[in-house]
2 protein chains.
Amino acid sequence: MKKKPTMQDVAAIAGVSTATVSNVINNTKNVSEGTKRKILEVIESLDYIPNNLAKSLKMRDTKLIGLLISDIANPFFPPVVRGIEDSLAENGYNLILCETNSDSNLERENLRVLLSRRIEGLMVSLAGSEESHFENIDTPLVFFNRVPVSDQYNKVQVKNFKAAYVGTTHLIGHDYKRVAILAGPQHLNVGRDRLFGYKEALLESGREVDSNYISIREFTVAEGYQGMKELMNQDPKPDAVFTSNNALTLGAFQFLKDAGYRIPQDIAFLGYDDTQWATIVDPPISVVRYPMYEMGQAIGAMIIGLVRSRGQEPSRTIAFEPELVVRKSCGC
Amino acid sequence: MKKKPTMQDVAAIAGVSTATVSNVINNTKNVSEGTKRKILEVIESLDYIPNNLAKSLKMRDTKLIGLLISDIANPFFPPVVRGIEDSLAENGYNLILCETNSDSNLERENLRVLLSRRIEGLMVSLAGSEESHFENIDTPLVFFNRVPVSDQYNKVQVKNFKAAYVGTTHLIGHDYKRVAILAGPQHLNVGRDRLFGYKEALLESGREVDSNYISIREFTVAEGYQGMKELMNQDPKPDAVFTSNNALTLGAFQFLKDAGYRIPQDIAFLGYDDTQWATIVDPPISVVRYPMYEMGQAIGAMIIGLVRSRGQEPSRTIAFEPELVVRKSCGC
DNA sequence: TTGAAAGCGTTACCAT
DNA sequence: ATGGTAACGCTTTCAA
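The residue numbers shown here count from 1 along each chain, following its written sequence. To read the labels, note that chains go from A and ligands from 1, taken in the order they are written. Only residues with pLDDT of at least 70 are given local features in this predicted model, and only at 80 or more are side-chain atom pairs given and counted; all residues enter the totals for whole chains, interfaces and linings. Only heavy atoms go into the side-chain values, all of them from the structure, while hydrogens and water stay out.

A.B. asks: Report on the overall build of chain A, specifying residues and quantitative values.
C.D. replies: Counting secondary structure elements, chain A contains eleven helices and twelve strands. The quantity called the radius of gyration is restricted to C-alpha atoms. Its globule counterpart is 2.2 Å times the number of residues to the power 0.38. For 332 residues, the compact-globule estimate of 2.2 N^0.38 gives 20 Å, and chain A exceeds it by more than 25% at 26 Å. Its C-alpha atoms give chain A principal-axis dimensions of roughly 90 × 40 × 30 Å. Here the term buried applies to any residue with accessible area under 20% of the maximum for its type, exposed to any over 50%, and partly exposed to those in between, with areas from a 1.4 Å probe on protein chains only. Here chain A holds 332 residues, and the buried ones make up 53% of them. Long-range pairs, those at least 24 residues apart, make up 69% of the contacts in chain A between residues at least 6 apart in sequence. Computed by Shrake-Rupley with a 1.4 Å probe, the accessible areas treat only the displayed protein chains as cover when residues are assessed. When the accessible surface of chain A is split by element, carbon and sulfur atoms take 47% of a total near 14300 Å². With 37 positive and 40 negative side-chain charges, chain A shows a separation of 6 Å between the mean positions of the two kinds. Each helix is a run of DSSP H or I of at least 4 residues and each strand a run of E of at least 2, with the numbering of both proceeding from the N terminus. Contacts are residue-level and defined by heavy atoms, with any inter-residue pair within 4.5 Å sufficient. Counted as positive: Lys and Arg. Counted as negative: Asp and Glu, with His and the chain ends omitted from the count. Charged groups are reduced to one reference atom each: NZ for lysine, CZ for arginine, CG for aspartic acid, CD for glutamic acid.

A.B. asks: Go over unusual backbone geometry with me, naming the residues and quoting the values.
C.D. replies: Cis geometry marks the peptide bond from Asp235 of chain A to Pro236 of chain A; its omega dihedral reads 0°. The topology assignment puts Pro236 of chain A in the loop between helix H9 (221-231) and strand E8 (240-243). The peptide bond linking Ile263 of chain A to Pro264 of chain A adopts the cis configuration, its omega dihedral lying at 5°. With phi around 60°, Asn145 of chain A is a residue other than glycine that occupies positive phi space. Along the polypeptide, Asn145 of chain A turns up in the loop between strand E4 (141-144) and strand E5 (154-158). For Asn145 of chain A, a relative accessible area of 19% gives the class buried. In this structure, Asp273 of chain B takes a positive phi of about 75° despite not being glycine. Within the element layout of this structure, Asp273 of chain B appears in the loop between strand E9 (268-272) and strand E10 (286-289).

A.B. asks: An account of helix H11 (residues 292-308) of chain B is requested, with residue identities and associated values reported.
C.D. replies: Residue and element names in this part refer to chain B. Between its first and last C-alpha atoms H11 spans 24 Å; for 17 residues at 1.5 Å apiece the expected length is 24 Å, and the two agree. Here H11 has its buried residues at Met292, Met295, Gly296, Ala298, Ile299, Gly300, Met302, Ile303, Ile304, Leu306 and Val307. Packed against the buried residues of H11 are strand E1 (64-69), helix H5 (77-90), strand E3 (121-124), strand E4 (141-144), strand E5 (154-158) and strand E11 (317-320). The first or second residue beyond H11 is Arg310, which carries a positive phi of 55°. Here, expected helix span is obtained from the residue count minus one, scaled by 1.5 Å.

A.B. asks: Can you explain the relation of the copies chain B and chain A? Please cite residues and give values.
C.D. replies: Least-squares fitting of one copy onto the other uses the C-alpha atoms of those residues that reach a pLDDT of at least 70 in both copies. With an RMSD of 0.1 Å, the operation that places chain B on chain A is a rotation of 180° combined with a shift of 0.0 Å along the axis. Expressed as an axis order, the relation between the two copies is that of a two-fold axis. A share of 100% of the interface residues of chain B reappears at the interface of chain A, consistent with the copies meeting face to face through the same patch.

A.B. asks: Describe the environment of Leu231 of chain B, naming the residues involved and giving the relevant values.
C.D. replies: All names here are of chain B. When you line up the elements, Leu231 lands in helix H9 (residues 221-231). Its relative accessible area of 2% is what places Leu231 among the buried residues. Between the alpha carbons of Leu231 and Trp277 there is a distance of 24 Å; along the sequence they are 46 residues apart. Residue contacts for Leu231: discarding those within four places in its chain leaves Ala180, Ile181, Leu182, Asn212, Tyr213, Ile214, Ser215, Pro238 and Val241.

A.B. asks: Go over the domain arrangement of chain A with me, naming the residues and quoting the values.
C.D. replies: Many descriptions give the size of an interface as the accessible area lost when the pieces come together. In this entry, domain limits derive from an automatic or database-based domain assignment. Domains assigned within chain A are domain 1 (1-48), domain 2 (51-156 + 294-319) and domain 3 (160-290). Relative placement of domain 1 of chain A and domain 3 of chain A: their C-alpha centres are 64 Å apart.

A.B. asks: How would you summarise the interface of chain B and chain A if you had to cite specific residues and measurements?
C.D. replies: With 54 residues of chain B at the interface, the matching set in chain A holds 54 residues. In this description, buried area is defined as the sum, over both parts, of the accessible area (probe of 1.4 Å) that is lost when the two are combined. Sorting the residues of chain B by area buried against chain A places Leu53, Arg118 and Ile280 of chain B first, and these three jointly supply 14% of that buried surface. Salt-bridge detection follows one rule: a side-chain nitrogen of Lys or Arg within 4 Å of a carboxyl oxygen of Asp or Glu. The tally of links between chain B and chain A comes to six salt bridges. For Arg82 of chain B, the salt bridge goes to Glu99 of chain A, with nearest N and O atoms at 3.3 Å. Any pair of nitrogen or oxygen atoms within 3.5 Å is treated as a polar contact; in protein, a donor-acceptor pairing is required on top of that, and neighbouring residues in sequence qualify only through side-chain atoms on both sides. For the pair chain B and chain A, the number of links is 23 residue pairs in polar contact (both at pLDDT 80 or more). Top contributing element to the side of chain B that touches chain A by residue count: strand E2 (residues 94-99) of chain B, with six residues.

A.B. asks: I'd like to hear about the pattern of salt bridges, residue by residue, with values.
C.D. replies: Across all of its chains, the model carries 28 salt bridges over all chains by this definition. Across the pair Asp274 of chain A and Arg327 of chain A runs a salt bridge, and its minimum N-O distance is 2.5 Å. Of this pair, Asp274 of chain A sits in the loop between strand E9 (268-272) and strand E10 (286-289) while Arg327 of chain A is found in the segment after strand E12 (323-325), placing the two residues 53 residues apart along the sequence. With a relative accessible area of 19%, Arg327 of chain A lands in the buried category. Of the charged contacts, one joins Lys159 of chain B and Glu321 of chain B as a salt bridge, the two residues approaching to 2.5 Å between their closest N and O atoms. One end of the pair, Lys159 of chain B, is in the loop between E5 and helix H7 (160-173); the other, Glu321 of chain B, is in the loop between E11 and strand E12 (323-325), with 162 residues separating them in the sequence.

A.B. asks: Help me get a handle on the protein's contact with DNA strand D, residues and values and all.
C.D. replies: In the region of DNA strand D, 29 residues are neighbours, and Ser17 and Arg60 of chain A together with Met7, Ser22 and Tyr48 of chain B sit closest. The criterion for a residue being near a molecule or strand is simple. One of its heavy atoms has to lie within 4 Å of it. The sugar and phosphate moieties of DNA strand D supply 71% of its atoms located within 4 Å of the protein. Between Lys29 of chain A and DNA strand D, the recorded distance is 2.9 Å, taken from a side-chain N or O atom to a base oxygen. Contact distances for DNA strand D include 3.2 Å between a base nitrogen and a side-chain N or O atom of Lys29 of chain B. Those elements that place two or more of their residues in the surface near DNA strand D are helix H2 (18-26) and helix H4 (52-59) of chain A together with helix H2 (18-26) and helix H4 (52-59) of chain B. Of the residues contributing to the surface near DNA strand D, the split by class is ten nonpolar, twelve polar and seven charged. Amino acids are sorted into nonpolar (Ala, Val, Leu, Ile, Met, Phe, Trp, Tyr, Cys and Pro), charged (Asp, Glu, Lys and Arg) and polar (every other residue, Gly among them).

Next up, the structure:
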């Protein structure tokens, strides 16, 4: 790990000034063929790689974008991160990834670190319902997935209300009488909105909302399992269920299989997110899904746009439409 | 997006020098209570956040580690990235993520960018079999998953040979007569070693290696599907199969279900990697797995260690043991 | 206890 | 076409 060569070194050996070296590297001025070749040779022979820190300091830009999410191992994130990355790479930006483990304090700390690194933009899926630390940031900011309610922010969302509404309505269309829901935490907009969509669907079709068929749970597999179990302890049992998140879906499905229920004969099942395993289980499950990769691309494109426009634009929100994928678990 | 306050600004307003400000921020020298408080107040009121670029430039360190992988959407990566992140965060390092899409050229380009950002260490899962661009890097380097063969590098691996050996041996122990394998690309060590382990297991138990039961495939779901199909076209059909990668496993399973084969009655099935869906399919599948999160932690710890020791240490390789998880698909 | 100033590796303005 | 040099925002030595 010897000291890395600098532009000074290159200049000295090539017998020119750093200004000239800089100019050939960045193609920013005409340099005679001769000296250019000479400089390139020296760069090659020294294995010189420009120091971007110095450049960034001088230029006041870093080509660095931050990503703040709860946990990359949540199957929702990988495809969207992929979309984000592609979209950033296309524009010459790099991604710096921070995980919060859904802890708002960690989120705040990570935010500070990212800002001190002078990221040019930040994409965040909120850790919790606390969002005050984002208030006076003057770095371009886009929220996605778990977003704040305020309209002052840029967001890439999913139509949570509609997803649940569409799903529940589909189940009602099959004439199931007791449609249950495994809902998420009510302090998160994604939890609230989906439960709301479920209720609205019920109401609109003239049904009653029966709290016995509503199980409010954390978004984890274990909670999905437990929640489904409790739902099936109701008397009479629900004859259909909408699970409003991928982890809940997995847990609920697991319980129903373990307990020997037949799907959809004993209970119709409508899941959330089109995960890899949706098609290979028995029966293949119907789900409400979003185009995750495309959402990622949109998120990336939005942050790049904001960076380029220097945050002059009014805040926007893009909301993706849910899509109902019908397979065999809902009784179609 | 007004100009951000600098340490100069803080110093001027507080009526002290930048040296003193620096000292209170970093706790690097005694500063009298009075001036310290004063400075902290100014920092607070200005919303001053130190510029880490300048600091890094001066200090010659960035607290930045690079990660170069093919595709975060490959289900193998998220848990290991999580482990890596945790281990880096614990030590005050941030992660910069680059995807290569398994393209060696992109890998080389990304490598240059990362080096120009003066990352302190780099973790890579190779894009392909080309690795020459890593040769003269004097940045601490650890390979994982897809690693080069040369011993000159630090690696965190998996015992690929053993994984296939253990899996195949288990199948043989059930006395299946025609054990097939869905193997990976032979230009990758992970593909080669696993096929080799399969063959060795066969040979050691006195069986013959029959190339009709070996299907060499890219590591994708579609190839797994197609490969399994061709395997089942052999006459006689195989009565057991080991799928040597998670994507191949998914594709193969899918085909067998689609084609109506019963597992394990018609064909015993042993998969690779303990993915989320392994337990909820019918039957739950037996797999060979690795502790991915722990591997991630080990990778992170290794790179931190190298950074701290300034690459003085001889190169090491850590190899994780495969674990056989027996469920219902292998006929146990 | 505090401060002046050099230096980290670039870029870009202004000369030549 | 080329070069001298100030400046980017910080840390740290040396002096006061």
